[in-house]
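The lines below spell out each chain.
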Amino acid sequence: MRVPVDVYRIDDRLIHGQVVVGWGQALPLGFIVLVDDAVAASQWERDLYRLGTPPDMDLFVETVDSAVARMDEFKTRPDHGMVLTGDVATMDRLSLALPGLTRVNLGGLHHRAGCRQRLAYVFLTGADGERLTAMAARGVVITAQDLPGADEVPLAELLAGGGG
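Residues numbered from 1 in each chain as written. Predicted model: local features only at pLDDT ≥ 70, side-chain atom pairs only at ≥ 80, totals over all residues. Heavy atoms only, no water.

A. Highlighting the sheet that holds strand 5 (residues 103–106). Across the sheet, which stays open at both edges, the seven strands sit in the order 3-2-4-1-5-8-9 with mixed pairing between neighbours. Each edge of the open sheet carries a strand with a single partner, namely strand 3 (58–62) and strand 9 (153–154). The strands that helix 1 (residues 17–26) touches are strand 1 (5–10), strand 2 (29–35), strand 4 (80–85) and strand 5; relative to strand 2, the one it contacts most, it runs at about 140°. Taken strand by strand, helix 5 (residues 88–97) contacts strand 1, strand 2, strand 4 and strand 5, and its axis lies near 125° from that of strand 4. (Pairing = 2+ DSSP bridges. Helix = DSSP H or I, 4+ residues; strand = E, 2+ residues; numbered from the N terminus. Contact = heavy atoms within 4.5 Å. Axes fitted to C-alpha atoms, helices over the stretch in contact; angles between N-to-C directions.)

Next up, the structure:
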């Protein structure tokens, strides 16, 4: 049985061109589940992200808890989908609650205080690295890849690298 959640992605920009065009057309995505507790609590932000989503693509804005509660619904859809978080901590919470989550894609994680550059588009804090390592220890395959046609960078290589 095909599980229509094709990719679990971490990208701090959430809904933007690389997600809706780059990934959306390549897979092709029929829906995105944006998982962010703060965005889910803000009508203004929910509306803003809906504006960035093509009209033929469904957008579900969920908290971690509501995404976990609805995951069976998302997995039984007939179309392809992406689960998207804006940070490592949120994806880690999902991975703890969803044993079927076995692969995570790191997209754009941009510079912020306390980060170290790992790739041109991936900056991680020490806590991010620890969470990703813990997820990998639980069997989650983690790779960095900005677009579907780009080479995947395995977590071990990503964490061993130091500069972009």
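B. Structural detail: the nonpolar core. Core analysis: the biggest nonpolar cluster contains 32 residues, and Leu94, Val104 and Leu158 have the highest contact counts within it. With four residues, helix 4 (residues 64–75) is the single largest residue contributor to this core. Listed in part, the 17 residues of the second largest apolar core include Leu14, Val20, Val39 and Leu84. (Core = buried A, V, L, I, M, F, W, Y, C linked by side-chain atoms within 4.5 Å. Buried < 20%, exposed > 50% of the residue type's maximum accessible area, 1.4 Å probe, protein only.)

C. A look at helix 1. Along helix 1, the residues that are buried comprise Val19, Val20, Trp23 and Gly24. Buried positions in helix 1, seen along its axis, are confined to an arc of 115° and lie on one side of it. Among the structural elements, strand 1, strand 2, strand 4 and strand 5 are those in contact with the buried residues of helix 1. (Arc of directions from axis to C-beta.)

D. Main features of the packing of aromatic side chains. According to the stated counting rule, one finds three aromatic pairs in the structure shown. Judged by centre distance (6.1 Å) and plane angle (25°), the rings of phenylalanine 31 and phenylalanine 74 are stacked. Placement of the pair is phenylalanine 31 in strand 2 and phenylalanine 74 in helix 4, with a sequence separation of 43 residues. Accessibility assignment for this pair places phenylalanine 31 and phenylalanine 74 in one class, buried. Clustering of aromatic rings is evident, with ring pairs tying together Phe31, Phe60 and Phe74. (Phe/Tyr/Trp six-rings, centres within 6.5 Å; stacked < 30°, edge-to-face > 60°.)

E. Molecular detail of the pattern of salt bridges. This model, assessed by the stated rule, comprises ten salt bridges. The salt bridge involving aspartate 79 is made with arginine 77; its shortest N-O contact spans 2.7 Å. (Salt bridge = Lys/Arg side-chain N within 4 Å of Asp/Glu carboxyl O.)

F. Just the layout of surface pockets, in detail. Taken as a whole, the largest pocket encloses approximately 210 Å³ of empty space. Lining the largest pocket are 15 residues, with Asp6, Val7, Tyr8, Arg103 and Val104 sitting closest to its centre. Sorting the residues of the lining of the largest pocket by element identifies strand 1 and strand 5 as the ones contributing at least two each. With four residues, the top contributor of residues to the lining of the largest pocket is strand 1. Per-class residue counts for the lining of the largest pocket are six nonpolar, five polar and four charged. (1 Å grid on protein atoms, 1.4 Å probe; cavity = no way out; pocket = protein on both sides within 12 Å on 5 of 7 lines; lining within 4 Å. Points joined across faces, edges and corners; volume = space filled by probe spheres on them. Nonpolar A, V, L, I, M, F, W, Y, C, P; charged D, E, K, R; others polar.)

The analysis is restricted to geometry; functional conclusions fall outside its scope.
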